[in-house]
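Survey of secondary and tertiary structure
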Amino acid sequence: MAHPSPGEIVLLLLLCAASVGAFWLRFGKVYRTILGARPDADFQMQPIDRRLHRLFREVLCQARVIRERPLPGLAHALVFWGFCAFALVTLNHMAAGVGLEFLSVQNGLFGPAYHAFAAVFALAVAVGITGLTIRRFVVRPRWLGDEVSLESGLIAVLILLLMLTYLADYLQQPAPGSAVWKALWWTHTLALLVFLPLLPHTKHLHLLLSPAAVFLDRGSFAHIPPLAGDEDFGLDTGRDVTQLLALQAYSCVECGRCQQHCPAHNTGKELNPKQLALGLRAYLNQHGAQGAEPLLGTHLSEEAVFQCTTCGACEAQCPVGVEHLPLIIGLRRGAVNTGRWEDEHGGQLFLKLERNGNPLGLAALERDRFIQKNALAPYDGSQEYCLWLGCMGSYDPHGRETVLALARVLRHAGVTFGVLKKEKCTGDSARRLGNDLAFQQLAEFNIAQMRSAGVRKLVSICPHCVRTIREDWREFGAGFDIEHHSVLLARLEGQLPPAGPGNSIVYHDPCYLGRYQDVYEPPRQVVRGSGALLEAPRSHQRSFCCGAGGGWVFLGEEKGTRISHARAAELSATGAGTIAAACPFCHTMFRDALESLHAPQPPRLVDIAQLAAARLPATGENA
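Owing to the predicted nature of the structure, the values given are computational and were not obtained by experimental measurement.

As for the overall build of the protein
On a plain count of helices and strands, the protein comes out with 27 helices and eight strands. Taken along the three principal axes of its C-alpha coordinates, the protein extends 95 × 55 × 45 Å. For the protein, long-range pairs separated by at least 24 residues make up 78% of all intrachain contacts whose partners lie at least 6 apart in sequence. For the protein, the computed accessible surface area is about 26000 Å², with 59% contributed by carbon and sulfur atoms.

What follows is the structure, encoded as structure tokens:
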């Protein structure tokens, strides 16, 4: 105030103390819960520049918020930017209450200019919060949830009240100390003092925690942290919850973006990534970070956790730094490594991996015969590439066709390559399903084979193999240079003959190539060289999963609509004559799904390597 009385100053200080005390009563518990959780085993703060860049891009610039939902995202960004702009105004406002105003609206140069700047944002915030309130309480998209939060409504009213009282004071500029001036000042002050203790009780707690969650990410997309010693079995009880998981659970803004893009949820299954984050939060609220109760149960569903295809759509969409996949796979680890998960198909899969070294349960002799029949040279260290066959390339007939098509292109381009004499599954399915022992055994066997052969650079037709070898094997000291065949084929595109008149081709972005590795353009370059490229309604980062990931390509029938059927129907509806895949798992899923469409002329399904090979002469060594 301009000339606050001693009584007014005392009243203001008492109210401020009550507001801060009420705020800390709840926030302090959250703070202690997060700090009381187990430290993350492999967390590293460096490189700090990457963290600062992400903080600037996703928090200050609200890039992901706006990109994924432009109109609501812009409204949210305006509210956030308004809060940033009002930080100085709010400090000045409270300072005025004790006679220490430092940002006068009438005197000097900076004060009037800044107040005018804040007034523009006040108007923008008023419009933005009104739009967001109408969307949440009137339009109510289904992914926001059916429950109406009265606390969230009250927060919105308080934000609007703060903006309107500021604008009224700025536009009218009543005489300091007048009745109108005091009414506006106290209304604005009380709104602030009520707003603060409400924050920790609502989803608006993300205003305080999400910047930390974004800044303190795990460093790479869908990163699976290593187990911390022999006594770590994954996420079994509250004692296993880490600080990052707890921070992210309390950061969830309940926007439903993860739910909106989750393939399991969109095909009638129980899984809802949003409810996993909220379920962990509910567990921590009830039992704390040292709870002895199992995590899977009241608040978190085992069935939902094992319905995940690990496509990463949830994590890619989240605007507040929640990393769903470490949570999901951690919960799977806890169930599998302790023997609590009982699934007939899962048990058979693990048994095949243990006995045969591949999820199809076929003898290694079958791979040897395929190699000998097609004269695939053994890798001896002199070739440019070691061609990693993978399980599908070694044993699946259609996967083998892709391998042979790639081999034709490489020979035509003069690229030398060889294959390992012995090779087992990379352990992708075991890793994603939570069986760490099986994954470790497979990884260590393959690493030994590669080191013995002197492998320097690999190429693979399988994005899952590429991801597992490049990232997950690092846990065991491996650091192999491997690339997906789409990247190599794109570089060789100029050496391939031009394609003749062809039909339209729709390309499906595999989750483990697109979202996991950010490879979008190279496979499209190969497709464009073979025909007219069409885009599916959901493509690039928003591509819809085929349903194979997370071990599901080897597990039993899904509940609800099969994910592969939903995606195949979407691709077929584009009218393309050909569906181009770049992953043997996607190829497997779509092959079965296309048969279920019962279309008179279903689109042809091929791998991009087959598109490239089809442009080669049909004679000579490439025949």
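Points about the sheet that holds strand β1 (residues 385–388)
Read across the sheet, four strands follow the order β2-β1-β3-β4 without closing on themselves; strand pairing throughout is parallel. The two strands at the open ends of the sheet, each matched to only one other strand, are β2 (417–418) and β4 (481–484). Bridge count between β1 and β2: two bridges; the pairing is parallel. Bridge pairing in β2 places Y385 opposite F417. Of the strands in this sheet, β1, β3 (457–460) and β4 are in contact with helix α22 (residues 463–470), which crosses β4 at around 160 degrees.

Regarding the packing of helix α2 (residues 48–60) against helix α8 (residues 206–215)
Close contact between α2 and α8 brings their axes to 8 Å; oriented N to C, the two are set at 140 degrees. If you check the angle between α2 and α8, you find them oblique. The handedness of the crossing between α2 and α8 comes out as right-handed. Only P211, V214 and F215 of α8 make contact with α2, whose side of the interface consists of I48, R51, L52, R54, L55, E58 and V59.

A look at the packing of aromatic side chains
Across all of its chains, the model carries 18 aromatic pairs by this definition. With centroids separated by 5.2 Å and ring planes inclined at 90 degrees, the aromatic side chains of F221 and Y516 adopt a geometry described as edge-to-face. One end of the pair, F221, is in the loop between α8 and α9 (243–251); the other, Y516, is in the loop between β5 (504–507) and α24 (521–528), and 295 residues separate them in sequence. Residue Y516 is classed as buried on the basis of its relative accessible area, which comes to 8%. Ring centres 6.5 Å apart and planes at 80 degrees place the aromatic pair W473 and F480 in the edge-to-face group. In terms of burial, W473 and F480 fall into one category: buried. By the ring-pair criterion, three or more aromatic residues cluster together here, those being F23, W24, F27 and Y31.

A look at the sheet that holds β5
Here we have four strands laid out as an open sheet, ordered β6-β5-β7-β8, and parallel in their pairing. Each edge of the open sheet carries a strand with a single partner, namely β6 (532–535) and β8 (604–607). On average, adjacent strands in this sheet sit at an angle of 35 degrees to one another, irrespective of strand direction. Pairing between β5 and β6: four bridges, direction parallel. What sits directly across from Y507, in β6, is E535.

Observations regarding the pairing of β5
Taking every second residue as pointing to the same face, both faces of β5 are buried, with S504 and V506 on one and I505 and Y507 on the other. Between β5 and its parallel partner β6, the chain crosses via α24, and the hand of that crossover is right-handed. As defined by bridge partners, β5 adjoins strand β7 (residues 578–581) across three bridges and the pair is classed as parallel. The partner of V506 across the bridge, within β7, is I579.

As for the side chain of Q248
Residue placement: Q248 occurs in helix α9. In this structure, Q248 is in contact with A213, R218, G321, V322 and E323, ignoring residues within four places of it in sequence.

Section: helix α5 (residues 110–139)
Here α5 spans 42 Å end to end across 30 residues, near enough to the 44 Å set by a 1.5 Å rise per residue. R140 sits one or two residues past α5 and shows a positive phi near 50 degrees.

Some points on the state of the cysteines
Under the definition given, this model contains zero disulfides. Free of any disulfide, C61 has its nearest neighbouring cysteine sulfur in C84, separated by 11 Å. Of all cysteine sulfurs, the one in C425 lies closest to C391, which takes part in no disulfide; the gap is 3.7 Å.

Re the pattern of salt bridges
Evaluated as defined, the whole model comprises 31 salt bridges. The partner of R38 in a salt bridge is D232, and the shortest N-O contact between them spans 3.8 Å. Of this pair, R38 sits in the loop between α1 (6–36) and α2 while D232 sits in the loop between α8 and α9, and the two are 194 residues apart along the sequence. Among the residues examined, R38 registers a relative accessible area of 23% and is labelled partly exposed. With a closest N to O distance of 2.9 Å, E475 and R431 form a salt bridge. On the criterion of sequence distance, the pair formed by E475 in the loop between α22 and β4 and R431 in helix α20 (residues 428–433) is long-range, its members being 44 residues apart. Judged by relative accessible area, which is 35%, E475 ranks as partly exposed. Because the salt bridges share partners, they merge into one network encompassing R50, R51, R54, R57, E58, R64 and D217.

Concerning the packing of helix α6 (residues 150–172) against helix α7 (residues 179–198)
Direction vectors running N to C along α6 and α7 enclose 155 degrees, while the axes themselves pass 9 Å from each other. The angle between α6 and α7 falls in the class roughly antiparallel. At the point where α6 passes α7, the crossing takes the left-handed sense. Facing α6, whose interface residues are L154, I155, L158, I159, L161, L162, T165, Y166, A168, D169 and Q172, α7 presents V180, W181, L184, T187, H188, A191, L192, V194, F195 and L198.

Conventions we followed
Residues numbered from 1 in each chain as written. Predicted model: local features only at pLDDT ≥ 70, side-chain atom pairs only at ≥ 80, totals over all residues. Heavy atoms only, no water. Helix = DSSP H or I, 4+ residues; strand = E, 2+ residues; numbered from the N terminus. Contact = heavy atoms within 4.5 Å. Areas by Shrake-Rupley, 256 points an atom, 1.4 Å probe, with all protein chains shown as cover. Pairing = 2+ DSSP bridges. Axes fitted to C-alpha atoms, helices over the stretch in contact; angles between N-to-C directions. Parallel < 35°, antiparallel > 145°, perpendicular 65-115°, else oblique. Left-handed = near helix turned anticlockwise from the far one by under 90°. Phe/Tyr/Trp six-rings, centres within 6.5 Å; stacked < 30°, edge-to-face > 60°. Buried < 20%, exposed > 50% of the residue type's maximum accessible area, 1.4 Å probe, protein only. Right-handed = clockwise from strand over helix to strand, strands pointing away. Expected span 1.5 Å × (residues − 1). Disulfide = S-S within 2.5 Å. Salt bridge = Lys/Arg side-chain N within 4 Å of Asp/Glu carboxyl O.

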